[in-house]
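Residues per chain, in single letters:
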Amino acid sequence: MTCVAERSQEQAVVDLKARAKSLRRHVLRMAEVVGQGYAGQGLGIADLLAVLYFHEMRYDAVRLDWPDRDRFVLSIGHYSIGLYAALAEAGVFPIEELDTYGMDGSRLEMSGSEATPGFEMTGGSLGHGLSQAVGMALGVRLDGRESRVFNLLSDGELQEGSTWEAAMAGAHYRLDNLFAFIDCNGQQADGPPYKIMNSEPVQEKWAAFGWHTQRVDGNDISAILSAIDLALEVHDQPHAIILDTMMGRGVPLFEQREKNHFIRIEPNEWHIAREQLEVGTP
Ligand SMILES: Cc1ncc(C[n+]2csc(CCOP(=O)(O)OP(=O)(O)O)c2C)c(N)n1
């Protein structure tokens, strides 16, 4: 027999899986309309974004500057495609606007910026997000607010020295309202990080910098929820949640590509991707 709390948790997972799939549909459509884009990243991170935007984060889609909001800080501007999908579903801007992704004059640039409603920072220049997140986490604490700050980084971004200065500061100031999610998809622009500049062992590095750390399957919604719940119990330390994800998750055509940092396929191939997403997991 399952108790009410378990059932409601199970229902939350079911709902969030449906939400993640919906985000993936938007990601594919955005890339298909413009013919290219960072679809692999958007598909890979959809589970985290579903959990944050439709379960964990406190924000007001109408009053985006609500001072007590939780902040989502996207260091990795090229992952914006996923955030656009989440923000549109959250009602921050119309779903139809997603069809302008990456086009001249659009607010939805391929590498996202503060010009887009719901973006806390311009993130294309890698390595600056965690510093800003540390500043925000310190700022809201000094203001006496309950807000949390969630920063999404990538494994390639760990090669930026400024990330580690910020990591040191986060631990020094004991920012337990700061959460760094590190998307370890095993790829960067020119190949796998271990061949370019090895960022492993990622978890041990964050722990050495004084962070509370966990490493989970970033495409498993239950695992993400549990990791956040556990982190919320830990005080006086910032939290690093390392996510092992698969680029292109849900679309085998993309999952199996050797290099999918930037996806450009033939116009007649997009329907294959769409069909695969509908029949595939999750
Ligand atoms: C400071 C800086 N250096 C280089 C780049 C160019 N660049 C854009 S994305 C990227 C790859 C970063 O690695 P990662 O985010 O892990 O790649 P992905 O998982 O998206 O393939 C690079 C080097 C940049 N945007 N900013």
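Preceding this paragraph is the structure being described.
Bear in mind the structure is a predicted one, so any value in this text is a computation, not a measurement.

## Here we look at the nonpolar core
- In terms of nonpolar packing, the biggest core is built from 75 residues, with Val27, Ala39, Leu49, Ala50, Ile81, Tyr84 and Phe181 touching the most fellow members.
- Once residues within four sequence positions are removed from consideration, phenylalanine 181 is found in contact with Leu48, Phe150, Leu152, Ile241 and Leu243.

## A look at the site of the ligand
- As a matter of local geometry, the ligand sits amid 16 residues, with Leu126, Ser154, Gly156, Gln188 and His261 nearest to it.
- Taken together, the residues of the shell around the ligand sort by class into three nonpolar, 11 polar and two charged.

## So, helix H5 (residues 129-142)
- Between the first and last C-alpha of H5 there are 20 Å, a value that for 14 residues agrees with the 20 Å anticipated at 1.5 Å per step.
- All buried positions along H5 are accounted for by Gly129, Leu130, Ser131, Ala133, Val134, Met136, Ala137 and Val140.
- On its buried side, H5 packs onto strand E1 (71-74), strand E2 (149-154), helix H6 (161-172) and strand E3 (178-184).
- Trailing H5 by a residue or two, glycine 144 shows a phi angle of about 75 degrees, which is positive.

## Examining the pairing of E3
- In terms of residue burial, E3 counts as a mostly covered element, since seven of its seven residues are buried.
- Following the backbone out of E2, through H6 and into the adjacent parallel E3, one traces a crossover that is right-handed.
- Across six bridges, the pairing between E3 and strand E5 (residues 239-244) is parallel. Along E5, the bridge assignment pairs phenylalanine 179 with histidine 239.

The rules behind each value
Residues numbered from 1 in each chain as written. Predicted model: local features only at pLDDT ≥ 70, side-chain atom pairs only at ≥ 80, totals over all residues. Core = buried A, V, L, I, M, F, W, Y, C linked by C-beta atoms within 7 Å. Buried ≥ 20, exposed ≤ 12 C-beta atoms within 10 Å, placed from the backbone. Contact = placed C-beta atoms within 7 Å. Near = placed C-beta within 6 Å. Nonpolar A, V, L, I, M, F, W, Y, C, P; charged D, E, K, R; others polar. Helix = DSSP H or I, 4+ residues; strand = E, 2+ residues; numbered from the N terminus. Expected span 1.5 Å × (residues − 1). Right-handed = clockwise from strand over helix to strand, strands pointing away. Pairing = 2+ DSSP bridges.

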